[in-house]
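# Geometric and topological summary
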Amino acid sequence: MSGKVPVIIHDEGVVMDIELGEDILKKNTDQAKENRKSLDQHHIKAIDVMGSIGSGKTSLIGTLCSRLKDKYKIAFIAGDLTTTIDADRVKMHTVETVQLNTGKECHLDALLVRNALNKINLKAINLLIIENVGNLICPAEFDLGAHLRIVIVSVTEGPYMVVKHPYIFMGANIAVINKIDLAEAMDVDPDKLVKDALAINPKITAVKTSVKTGEGIDNLIKALKL
Ligand code: MG
Ligand code: ZN
């Protein structure tokens, strides 16, 4: 085989899909605005944490919460397809934890977050951390009403995770390059991942972390202005 790799673009039914998609996204954006308004009224800062399954979202959130639990009253919304494993791992550091099982849905949306917020006493918290469903594609499209969006990639996911997912980096405020303690073993250069993220979104703040050694956690807390 030589020459260019053929690219097949699926275009059947595109018109209908786009219309449906726009309607869904518009409703989501409106709901996200309402969520943000209600969070602002309660002086709650909300952070949406995105990343693939296995990128270390839950461990990082657990570390952040254990470091911040004396300074903030934290609520945690754990998005997951079917399990409560993540919720159980972070729960002890929070005032309240709500599990959102999305079933087959591969992302959280603003209405799901609203439903979770309805179960939380918003007067009792001032920091909300949302763990999105493990996926680097469609969460990018769905604003949840958070104030900051973090996207996590780990060196264990290989050298191309950033360049292959430009949309999620375009819409994020902070890029976390995680598991840097394994960079050498994986033969992946964390600085290259930082460079890739900045090339996609020059405004993004990139932080290199290791939950295992604690490296970079202070920088992340600083980047989150917490
Ligand atoms: Mg998780
Ligand atoms: Zn999805």
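Worth saying up front: this structure is predicted, and the values here are computed from it rather than measured.

### Remarks on the coordination of the zinc ion (ligand 2)
Note on the zinc ion (ligand 2): its protein donors are Cys-106 (SG), His-107 (ND1) and Cys-138 (SG). The metal-donor distances range over 2.0 to 2.2 Å. Between the donor residues of the zinc ion (ligand 2), the gaps in sequence give the motif C-H-x30-C. With a gap of 31 residues between them, His-107 in the loop between β3 (96-101) and α4 (110-117) and Cys-138 in the loop between β4 (127-131) and β5 (148-154) connect regions that are remote in the sequence.

### Focus on the coordination of the magnesium ion (ligand 1)
For a metal bound by four donors in tetrahedral geometry, the ideal donor-metal-donor angle is 109.5 degrees, whereas six donors in octahedral geometry ideally sit at 90 or 180 degrees. Bound to the magnesium ion (ligand 1) on the protein side are Thr-58 (OG1), Asp-86 (OD) and Glu-131 (OE), at distances that span 2.0 to 2.2 Å. For the magnesium ion (ligand 1), the donor residues sit on a single chain with the sequence spacing T-x27-D-x44-E. Taken together, the residues span a long stretch of sequence, with Thr-58 in helix α2 (residues 57-68) and Asp-86 in helix α3 (residues 85-90) at a distance of 28 residues. Take Thr-58: its relative accessible area is 7%, and that puts it in the buried class. Note on Asp-86: relative accessible area 12%, which makes it buried.

### Some remarks on the sheet that holds strand β6 (residues 174-178)
Reading across the sheet, the 7 strands line up as β3-β2-β4-β1-β5-β6-β7 and stay open at both edges, with parallel pairing between neighbours. Edge positions in the sheet fall to β3 and β7 (205-208), since each has one partner strand and no second. On average, each strand axis in the sheet is inclined to that of its neighbour by 20°, with strand direction left out of account. As judged from the 5 bridges shared by strand β1 (residues 45-51) and β4, these two strands associate in the parallel manner. Looking at β4, one finds that Ala-46 is bridged to Leu-128.

### Details of the pattern of salt bridges
Tallying each qualifying case throughout the model produces 8 salt bridges. The partner of Asp-86 in a salt bridge is Arg-89, and the shortest N-O contact between them spans 3.6 Å. Of this pair, Asp-86 and Arg-89 are both found in helix α3, 3 residues apart, which corresponds to roughly one turn of the helix. Owing to a relative accessible area of 40%, Arg-89 belongs among the partly exposed residues under this scheme.

Thresholds applied
Residues numbered from 1 in each chain as written. Chains lettered and ligands numbered in written order. Predicted model: local features only at pLDDT ≥ 70, side-chain atom pairs only at ≥ 80, totals over all residues. Heavy atoms only, no water. Donors = N, O, S within 2.8 Å, 3.2 Å for Na, K, Ca; no water. Helix = DSSP H or I, 4+ residues; strand = E, 2+ residues; numbered from the N terminus. Buried < 20%, exposed > 50% of the residue type's maximum accessible area, 1.4 Å probe, protein only. Pairing = 2+ DSSP bridges. Axes fitted to C-alpha atoms, helices over the stretch in contact; angles between N-to-C directions. Salt bridge = Lys/Arg side-chain N within 4 Å of Asp/Glu carboxyl O.

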